[in-house]
Every structure is written in structure tokens, then in C-alpha cells.
Amino acid sequence: MATFYNQATLSYNGNTTTSNMTTGELVEVLSATKQALTTTYSAAGETVTFIISIVNSGTVPFTGLTITDTLGAYTYGIDTLVPLTHVKGAIQYYNNGILQPEPTVSSGSPFTISGITVPAGGNATIIYDTVVNQFAPIGTDGEITNEAVISGGGLTNSITVRADLTTAKTANLSISKSMYPTTVSENGQLTYTFLIQNTGNTAATTSDSIIVTDTFDPILNPITVTFNDTQWASPTNYTYNSTTGEFSTLDNQITVPAATYTQNPATGAWVVTPGVSKLTITGTV
């Protein structure tokens, strides 16, 4: 509710007089909220879905509303970086829960959705997808502040809604395997190297129960095992069946450091350097 004032002026024969001051209250009947289906992100390429809900408590519909979304734009030096990318065609628009034809969308930054109607005593819901891109901060304290402004359509004052995203504090592991040499003679030496990479912002610790298993074919016997160039022993760190070739590390043995993140000073894009641990197994074929 907003208070407004109005006063008239009367001019005659070079004289001026004013009326009394009238006071009124303007009741704002349109309200809105914005939320993200997930409030955290961890890497570029992830999809974040936003929902804007608009409620009309008045007796007259609002038509021709426009939603302008910043996509989380922020200032970086003299530039403006946009950490979210709108997914074209991924939008749904409902009036009172009934799906409507897709509204007019202008992609870009900011992107706009126009032609929105909110029925009298009813509501409108707009659902759309975005993708986290290379300009999204991804360290442990990363955050995206995404605002949208609802305007037009007879609104006296525009409405700003906001949804905040923060980086998930988690490890994100992957593993690759290489072999040397690729051609080996009978009774020769073969080495398998496993690189465990962490692109997450949190180190993987022994409490994360990381286990590597493999079945060697051809079977290796005997074997030597190192983790990050430190000699391992069986059955303290791993188990190995020399008859079947089945290998497994034990629980609480493997750790992987967190990734490091740097922002390119020229482009503003974030670069991920994974944390890496190395498991090496050498044996006789």
C-alpha cells in the first residue's frame, strides 16, 4: 500500500489559489515470488530451473506484463559478466494452473518474457531453464544473485523478485586408466596407472569411502602398488586375488585434494584445475 497526495491550483485575473490537499491510498494487488528448484550448483553445464509466481488479488486482470531477468549479471572490472544462459524453448507459462501458449521471449542478457497476463483473483506461473556457464563463480564461496523485474501492464511500480544460488560444497570425482607398455611380452612387466581427479571445491577424504576395483586380464602376479608414490601393502591398503586377478583398495585409504579455481583476468571465465591422486599397479604378466 502506498500513500499519494494531490492538490489543485486555480488561477484567475492574475491571482493564484490552491485547493485543499487530498490524500489517498494506492493498494498494490499484484505480488510475486521467484525460486530456483535447486539452490546450489557445482560446475558449468548444470541446469537451473527458475519459477516465477505472480498473484493478482484484485478484481481486474493485468495484461501485457513483461519479465526482465538479469541472469545473475555482475560487474567484473569494467565488464559485465553473465553466469547463467537462458535455454531457448525451455519455458512454460500457466494461468490458474492451465498451460498457455508460449509467451514472447527475447534471449540475451538480460532476457525478457513479454505478454504475460494475470487473471483477476488468479495467478500466473512462469517456469524456465538456465544453464550455468563459464562465468559462474565456482569456489567454496561462489554465489549467483539472479533478479527479475516485472513491469508494464498497468503496474504503478515494478516488482523485483530474486533467487540466490550458491556453490555446492562437495567433491566431484572421476577416474581414468592408462597402461604401459601397450604391447607386452609374456612374463613381462605391465603397469596400470589410475588418475582420480576432483573438480569439486571440497577435498575427498577417507570418510568418503573411495574404493577402486579392477579385474586384471591377463592376471598380474606378483604386483606392487603405490598411491601418490607411497608404497602400499596388502592387506593393509588393498586386497588382491592372484588367481582371479581381482583387485580392490580398502575403505579409508584414498584421498583426493580439492580443485583450484582461477578467473581469467582478460575474459572473466573461470578455469578449473582438478585435484589429482595417482594409484599405480605394476605386475608381471
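Before any of the text, the structure's been laid out above.
Notes on the structure follow. Just so it is clear, the model here is predicted, and its values are computed rather than measured. (Residues numbered from 1 in each chain as written. Predicted model: local features only at pLDDT ≥ 70, side-chain atom pairs only at ≥ 80, totals over all residues. Heavy atoms only, no water.)

## Some thoughts on the sheet that holds strand β22 (residues 230-232)
- Pairing in this open sheet of 5 strands is antiparallel, and the strands run β18-β19-β27-β21-β22 from one edge to the other. The strands lining the two open edges of the sheet, one partner per strand, are β18 (173-180) and β22. Each neighbouring strand pair of the sheet contributes to a mean axis angle of 25°, computed without reference to strand direction.
- Summarising the sheet, strand β21 (residues 223-227) and β22 pair through 3 bridges and their orientation is antiparallel. Note on β22: the bridge partner recorded for Phe227 is Thr230. (Pairing = 2+ DSSP bridges. Helix = DSSP H or I, 4+ residues; strand = E, 2+ residues; numbered from the N terminus. Axes fitted to C-alpha atoms, helices over the stretch in contact; angles between N-to-C directions.)

## What about the pairing of strand β15 (residues 123-132)?
- The pairing of strand β7 (residues 47-56) with β15 spans 9 bridges and is classified as antiparallel. Each bridged residue has a counterpart across the sheet, and for Phe50 the counterpart in β15 is Tyr128.
- In this structure, strand β11 (residues 84-95) lies alongside β15, joined through 8 bridges in antiparallel fashion. Counterpart to Leu84 in the pairing with β15 is Val132.

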